[in-house]
Amino acid sequence: MLEENEPAIIASLREDLDKPELESSVFEVAMLKNSVTLALKELKHWMTPEKVKTSIMTFPSSAEILPEPLGVVLIISAWNYPFLLSLDPVVGAIAAGNALVLKPSEIAPAASSLLTKLIGEYLDSSSIRVVEGAVNETSALLDQKWDKIFYTGNGKIARIVMAAAAKHLTPVVLELGGKSPAVVDSGINLQVSVRRIIAGKWGCNNGQACISPDYILTTKDNAPKLVGTLKQELEKFYGKNPLESKDLSRIVNANHFARLSKLLDDDKVSGKIVHGGERDKSKLRISPTILLDVPRDSLIMNEEIFGPLLPILMVDKIEDSFDIINTGTKPLAAYLFSNNKKLKQQFVATVSAGGLLINDTAVHLVVHTLPFGGVQESGTGAYHGKFSFDAFTHKKAVLYRSLMGDAPLRYPPYTKSKLRLLKVLMSGNILGIIRALFGWSKA
Amino acid sequence: MSCESPRTTMVQLEESLAELRQTFRSGVTRSVAWRKNQLRALIELLRDNQDRIFNALYQDLGKHPVEAYRDEIGAIIKSAENALSCVEKWMAPEKRWIPLLFFPASGEVVSEPLGVVLILSTWNFPIALVLEPLIGAIAAGNAAMIKPSELAQESASFIAATIPLYLDCKAIKVVNGGADLSDRLLQQKWDKIFFTGSPRVGSIVMSAAAKHLTPVVLELGGKCPAIVDTFSSISDMKVIAKRIVGGKWASCNGQVCIGIDYILVEKRCSSTLIDLLKTTLAKFYGNNPIDSSSISRVINKHHFGRLHKLLKDPLVAASIVHGGSLDEEKLFIEPTILLDPPLDAEIMTEEIFGPLLSIITLNDIQESIEFINSRPKPLVIYAFTKDETFKKQLLSGTSSGSVVFNDTMVHYVCDVLPFGGVGQSGFGRYHGKYSFETFSHEKAVMQRSFFLELEPRYPPWNDFKLNFLKRAYKFDYFNLLLLMLGLKK
């Protein structure tokens, strides 16, 4: 389906987001193919029951953990990567053997209708369905009883999803976002760092990605150099007039354009723009914008930006950045650019986020051996690779016993000697067990 | 702030929570030393206070010390010792393979504590079901607030009085109270809520958690069936009867989430099974079980009334084949066996959670799969059978938290197996390493260096870059090389 319809997918993304072909092809098609290939290759291995060793308490016995599908699951996806964020969880749900309903986002209508058409044509329609629609349809879906709900989106809707799931005791995976910081230390290869930041920020759907760097933390001394390099590399990538660049996505709709404009028009930050700031309302375009030294109580620092604006905060000592990160809610990702080994260790030990990435941005997303998911405000549950399979699987514990080896001490009537024997038996002390069996124990 | 009495008002609650947050932020709970010290202190608490625990459990539930030791003290000491010896291994970051494309890079998964967690416990194992999750919370390095069930009053006061004496009272706090306290606790923001109890309250807990996006573990129950296949050997049948009686009445008199709720058996075997159950019951509890010290009583009047009501239905009353006597004053209900009560009666639609055992007869034991599947998913399915094909059919054809063949209850002490429900019986799992995982966030960490820049990652985009990235995603290194050398279009 992905191979035969790549041009159609790219066209629909042009329509919804004016997403550059390369971004569509790489993030939405190639990454998905990669997921599917991995699942196909590893599936048998994932499905194999895991044998576990039992203890002397239950001797003789054997035990295993058996993966079984949860049943019928609901996947609600988002508009920024309408194919990837719909189909990547679908791959996990199918691999785990579930039936499913997918609800793509109505904010990317072309992608949504293409998904409906393609899934209908290529997949088993008796067990895999797509439901299109907006708030009413989603509410109706949430009233139903599901065996799992996998939601990608924002914290506000996530609360509604979880509350609806609570009525039916349905477990949820919530893939949310948050303000993912990038800490930039001095004494590093600034050009490479900046290019990697740009790739993760504007090269990911023009900042409309949950793992894009949301803001940068750097020292006062380092800031001017950093801004200079950012400007220089941005021009190399997107030219002198980025509003016209074919290599940048547009803002998804007028609502989000207005939301981002409001962040820029906030009195506290409007004087802080050091690069970009151009907007074209009719084409829904905002150029890559850098703001230096924004106050922490400004609007832009108090909600997830999810767009092409990048504020830079300045700290006296680079270590202070970790405190700033930890005073906010836990982000989905946190990035550090540094060559300082101690600083790296401190970063890993003290900063809590869904995932940490040192000296790059966003690429941890494609590493299927790492779980991808948030913590606290950035979500619950993880997926990618085997974690996707696990997210849609119940691990059933199975214990096999025989009818031999029945110890009378388990059963009533209870006596003091049974209590003694039990104490040593549960301590697993062989000598003690023998002593107690012969009545020599004093315990 | 002092440690002594449990606090209840909202302001006091907020103060306690603030102190827990402060402690967690200070980082003390993260160290291996703190975790091990707390686990050691917990073991010491149990060893020092056995008689007080025996007494509290006797007061609350009429539990015999052997049962109390087996199900509560011994099981928890064992868990804590296991956690103590494994915690460092569990904490160690796990290295992960990173595709060559990102060379040089390294990846690992680091388990970090979630923060401040809330443990809402229940009354049937009022010590064990408080401490078992607490072991996980401590091992994972969290601060914790515990609310024992107010229905097991003596045990709850024991816990509130003793925990501060042994454990770090700045990081682990106990509050006692009823539903109104639970409400107030649930209004606060936690980093995880671990709830053991009924589906009804579980749903309330999860709705409250949704406001703060707090992840929850719900350990619920359900109607756990025991399937008894046809056995020709009478000695086998005797063992089965013993294990059934053990799994039904010998643990808190049936007030257990993994207790047998009903039995499925072929018609032709039911009378043998009933006879054996009766003789086993007599052997265990004598002819007058109400006088036996080896059996627990019903927790309180409310539950006594609930169980009594189940038996009042005339069609259900007519199906009693053993027992059925009740003593309201002593809150005692005799082990009672019912043969084929109506399937639409409450006794077959609600979780029994008491000393009543229904036996449902089938024409063919194969029908048991359909029978179980037409009801909500139970926490555990027990099956007594030697038929390997049937075992396989049962495993793939039904869904439940766990499956145990040829025994009852013993999976609870197997800490290599995850313990938890699915569907109506809850979600999330614990015991052994799973408890640690339940209270940890698995943080993905990837490190790269500044060498080896792949130019095609960056705009402006062109066809070469597209081609490059497509191959890169397939990890097709040979063609990548050709492409870079300009040998391939």
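None of these values were measured; they are calculated from a predicted model. (Residues numbered from 1 in each chain as written. Chains lettered and ligands numbered in written order. Predicted model: local features only at pLDDT ≥ 70, side-chain atom pairs only at ≥ 80, totals over all residues. Heavy atoms only, no water.)

## So, the interface of chain B and chain A
Opposite the 108 residues of chain B that make contact, chain A presents 105 residues. Here chain B meets chain A over a buried area of about 8,700 Å², counting both sides, of which 63% is carbon and sulfur. Viewed at the interface, chain A and chain B are joined by three salt bridges. Counting across the chain B and chain A interface gives 36 residue pairs in polar contact (both at pLDDT 80 or more). In terms of residue class, the side of chain B that touches chain A is built from 56 nonpolar, 25 polar and 27 charged. Of the strand pairs in this sheet, strand β16 (residues 355-358) of chain A and strand β18 (residues 440-448) of chain B are connected by four bridges, and their pairing is parallel. Directly across from Gly 355 of chain A, in β18 of chain B, lies its bridge partner Ala 444 of chain B. (Contact = heavy atoms within 4.5 Å. Buried area = accessible area lost by both parts, 1.4 Å probe. Salt bridge = Lys/Arg side-chain N within 4 Å of Asp/Glu carboxyl O. Polar contact = N/O pair within 3.5 Å; in protein donor to acceptor, adjacent residues only side chain to side chain. Nonpolar A, V, L, I, M, F, W, Y, C, P; charged D, E, K, R; others polar. Pairing = 2+ DSSP bridges. Helix = DSSP H or I, 4+ residues; strand = E, 2+ residues; numbered from the N terminus.)

## Some details on helix α11 (residues 320-327) of chain A
All names here are of chain A. Taken as a whole, α11 has its buried residues at Ser 321, Phe 322, Ile 324 and Ile 325. Looking straight down α11, one finds that the buried residues subtend no more than 160° of arc, so they occupy a single side. Residues of α11 that are exposed and point over 90 degrees away from its buried face: Asp 323 and Thr 327. Residues of α11 that are buried make contact with β8 (181-184), β9 (215-219), β14 (309-315) and α12 (341-350). (Buried < 20%, exposed > 50% of the residue type's maximum accessible area, 1.4 Å probe, protein only. Arc of directions from axis to C-beta.)

## Comments concerning the pattern of salt bridges
Using the criterion set out here, one finds 41 salt bridges over all chains in the structure. One salt bridge connects Lys 236 of chain A with Glu 233 of chain A, and the closest N-O pair in it is separated by 3.1 Å. Of this pair, Lys 236 of chain A and Glu 233 of chain A both sit in helix α8 (residues 223-238), three residues apart, roughly one helical turn. Here Lys 236 of chain A falls in the partly exposed class, since its relative accessible area comes to 46%. A salt bridge links Lys 95 of chain B to Glu 108 of chain B, with the nearest nitrogen and oxygen atoms 3.2 Å apart. Linking Lys 95 of chain B in strand β1 (residues 94-96) with Glu 108 of chain B in strand β2 (residues 105-113), this pair joins segments that are 13 residues apart in sequence. Connected via shared salt-bridge partners are Arg 14, Asp 18 and Arg 285 of chain A.

## Let's talk about the sheet that holds strand β6 (residues 148-152) of chain A
Residue and element names in this part refer to chain A. If you walk across this open sheet you meet the six strands as β5-β4-β3-β6-β7-β17, and the pairing is mixed. The sheet is open, and its two borders are formed by β5 (128-130) and β17 (379-380), each paired with just one other strand. Examined bridge by bridge, β6 and strand β7 (residues 172-175) share four bridges and lie parallel to one another. If you follow Thr 152 over to β7, its bridge partner there is Glu 175. Sitting on the sheet, helix α6 (residues 155-167) is in contact with β6 and β7, with an inclination near 180° to β7. (Axes fitted to C-alpha atoms, helices over the stretch in contact; angles between N-to-C directions.)

## Examining the environment of Ile 163 of chain B
All names here are of chain B. Here Ile 163 is to be found in helix α6 (residues 153-166). In this structure Ile 163 comes out as buried when scored by relative accessible area, which is 2%. The sequence separation of Ile 163 and Leu 45 amounts to 118 residues, and the corresponding C-alpha distance is 7.8 Å. The contacts of Ile 163, once residues within four sequence positions are left out, are Leu 45, Leu 131, Leu 134, Ile 146, Ile 172 and Val 174.

## Re the packing of helix α2 (residues 21-47) of chain A against helix α3 (residues 84-95) of chain A
Residues and elements named next belong to chain A. At a minimum axis distance of 9 Å, the contact between α2 and α3 shows a crossing angle of 5°. When the axis of α2 is compared with that of α3, the two are roughly parallel. Residue-level contacts link Phe 27, Glu 28, Met 31, Leu 32, Ser 35, Val 36, Ala 39 and Leu 43 of α2 to Leu 84, Leu 87, Asp 88, Val 91 and Ala 95 of α3. Looking at the contact of α2 with α3 residue by residue, the class counts come to ten nonpolar, one polar and two charged. (Parallel < 35°, antiparallel > 145°, perpendicular 65-115°, else oblique.)

## Brief notes about the side chain of Thr 170 of chain A
Mapped onto the elements, Thr 170 of chain A comes out in the loop between α6 and β7. At 2.9 Å, the side chain of Thr 170 of chain A forms a polar contact with the backbone oxygen of Trp 146 of chain A. Ignoring any residue separated from it by four or fewer positions in sequence, one finds Thr 170 of chain A in contact with Trp 146, Asp 147, Lys 148, Ile 149 and Ala 165 of chain A together with Met 206 and Phe 427 of chain B.

## So, the sheet that holds strand β5 (residues 172-174) of chain B
Hydrogen bonds along the backbone pair up the strands of a sheet, which may run parallel or antiparallel. Residues and elements named next belong to chain B. Strand order in the open sheet formed by six strands is β5-β4-β3-β6-β7-β17, with mixed pairing between adjacent strands. The open sheet has two edge strands with one neighbour each: β5 and β17 (426-427). Taken together, the four bridges between strand β6 (residues 192-196) and strand β7 (residues 216-219) define a ladder with parallel strand orientation. Residue Ile 193 lies in a different strand from β7, and its bridge partner there is Val 216.

## Some points on the nonpolar core
Ranked by internal contacts, the top residues of the largest apolar core, which has 160 residues, are Leu 134, Ile 163, Ile 244, Ile 258, Ile 263 and Leu 277 of chain B. Looking at this core element by element, the count peaks at 14 residues for helix α4 (residues 65-91) of chain B. Of all hydrophobic cores here, the second largest spans 87 residues; its members include Ala 39, Leu 118, Leu 234 and Leu 357 of chain A. (Core = buried A, V, L, I, M, F, W, Y, C linked by side-chain atoms within 4.5 Å.)

## Some remarks on the pairing of β6 of chain B
Residue and element names in this part refer to chain B. Among the five residues in β6, five count as buried, and that is most of the element. Two elements, strand β3 (residues 116-120) and β6, share four bridges in a ladder whose sense is parallel. Paired with Val 117 across the bridge in β6 is Lys 192. After leaving β6, the chain enters helix α8 (residues 199-211) and then returns to the sheet as β7, a path that is right-handed. (Right-handed = clockwise from strand over helix to strand, strands pointing away.)

## Considering unusual backbone geometry
Residue and element names in this part refer to chain A. Put simply, Pro 412 and Pro 413 share a cis peptide bond, and its omega is -5°. As for its placement among the helices and strands, Pro 413 is situated in the loop between β18 (393-401) and α14 (416-427). Backbone geometry places Leu 284, a non-glycine residue, at a positive phi of 55°. Located in the positive-phi region is His 384, a residue other than glycine, with phi close to 90°.

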